[in-house]
Amino acid sequence: REREKEGKMATLAIGPQTIKAQIEKETENFRQLQQEVSKNHTARLRFTQQLQESQMVKKELDLLDDEAVVYKLVGPALIRQDLVEAKANVDKRMQFMKTESERLDTSLKSLENKQNQAQEEVIALQKKLQKVTQK
């Protein structure tokens, strides 16, 4: 595998300008990956906050007796809702958020691996450029 990388770089390393162009390309790729990681973190934070809110709602609903009246805010109106239905809705919402958080975690790990690879590629190209320009 190392030979593949060396061979790949050797064909690209015709001169310093070619290496500089590759560095710019890889740097841009790295920046894009950074933005995706940032977006992923933001989305994960949002889901984590919503999950915590839903857990609080579930605790509150669990404290109510079976005869309690529960209302759901729909737009500007409060609509009466069955307690069992409200609990089921909160459970579904929590399950969805857990699944989505797990998906975001997996995506984040993948993005971070790609980001690390891009960073290593930039460093390798910079070292190669330095060797070429020192000759």
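Up top is the structure these notes are about.
A brief report on the enclosed structure follows. (Residues numbered from 1 in each chain as written. Predicted model: local features only at pLDDT ≥ 70, side-chain atom pairs only at ≥ 80, totals over all residues. Heavy atoms only, no water.)

**Here we look at the pairing of strand β1 (residues 70–74)**
Thought 1: Inspection of the sheet shows β1 paired to strand β2 (residues 77–81) by 5 bridges, in the antiparallel sense. Opposite Val70, over in β2, you have Gln81 as the bridge partner.
Thought 2: Here β1 folds back onto β2 in antiparallel fashion, the turn holding 2 residues, of which Gly75 has a positive phi close to 65°. (Pairing = 2+ DSSP bridges. Helix = DSSP H or I, 4+ residues; strand = E, 2+ residues; numbered from the N terminus.)

**Observations regarding the packing of helix α2 (residues 16–63) against helix α3 (residues 83–134)**
Thought 1: As a packed pair, α2 and α3 sit with axes 7 Å apart at the nearest point and diverge in direction by 160°. By the angle between their axes, α2 is roughly antiparallel relative to α3. Where α2 crosses over α3, the two elements pack in a sense that is left-handed. (Axes fitted to C-alpha atoms, helices over the stretch in contact; angles between N-to-C directions. Parallel < 35°, antiparallel > 145°, perpendicular 65-115°, else oblique. Left-handed = near helix turned anticlockwise from the far one by under 90°.)

**Side note on the nonpolar core**
Thought 1: Within the largest apolar cluster, 11 residues are counted, these being Ala43, Phe47, Leu51, Leu61, Val70, Leu83, Ala86, Val90, Met94, Met97 and Leu104.
Thought 2: Of all the secondary-structure elements, those providing two or more residues to this core are α2 and α3.
Thought 3: Element by element, the count of residues in this core is highest for α3, at 6 residues.
Thought 4: Those residues in contact with Leu61, other than ones at most four positions away along the chain, are Val70, Leu83, Ala86, Lys87 and Val90.
Thought 5: One finds Phe30, Leu33, Val37 and Leu111 within the second-largest nonpolar core, a separate group that totals 6 residues. (Core = buried A, V, L, I, M, F, W, Y, C linked by side-chain atoms within 4.5 Å. Buried < 20%, exposed > 50% of the residue type's maximum accessible area, 1.4 Å probe, protein only. Contact = heavy atoms within 4.5 Å.)

**Re the environment of Leu51**
Thought 1: By secondary structure assignment, the location of Leu51 is in helix α2.
Thought 2: Sequence-wise, Leu51 and Arg93 are 42 residues apart; in three dimensions their C-alpha atoms are separated by 8.2 Å.
Thought 3: When residues no more than four places from it in sequence are discounted, the contact partners of Leu51 are Met94, Met97 and Lys98.

**A closer look at the pattern of salt bridges**
Thought 1: Counted under the stated rule, the structure contains 6 salt bridges.
Thought 2: In this structure, Arg31 and Glu28 form a salt bridge, with 3.6 Å as the shortest nitrogen-oxygen distance. Highlighted residues: Arg31 and Glu28, both in helix α2, separated by 3 residues, approximately one helical turn.
Thought 3: Salt-bridge contacts for Lys58 lead to Asp91; the nearest nitrogen and oxygen are separated by 3.3 Å. One end of the pair, Lys58, is in helix α2; the other, Asp91, is in helix α3, with 33 residues separating them in the sequence.
Thought 4: Accessibility expressed as a relative area gives 35% for Asp91, which makes it partly exposed. (Salt bridge = Lys/Arg side-chain N within 4 Å of Asp/Glu carboxyl O.)

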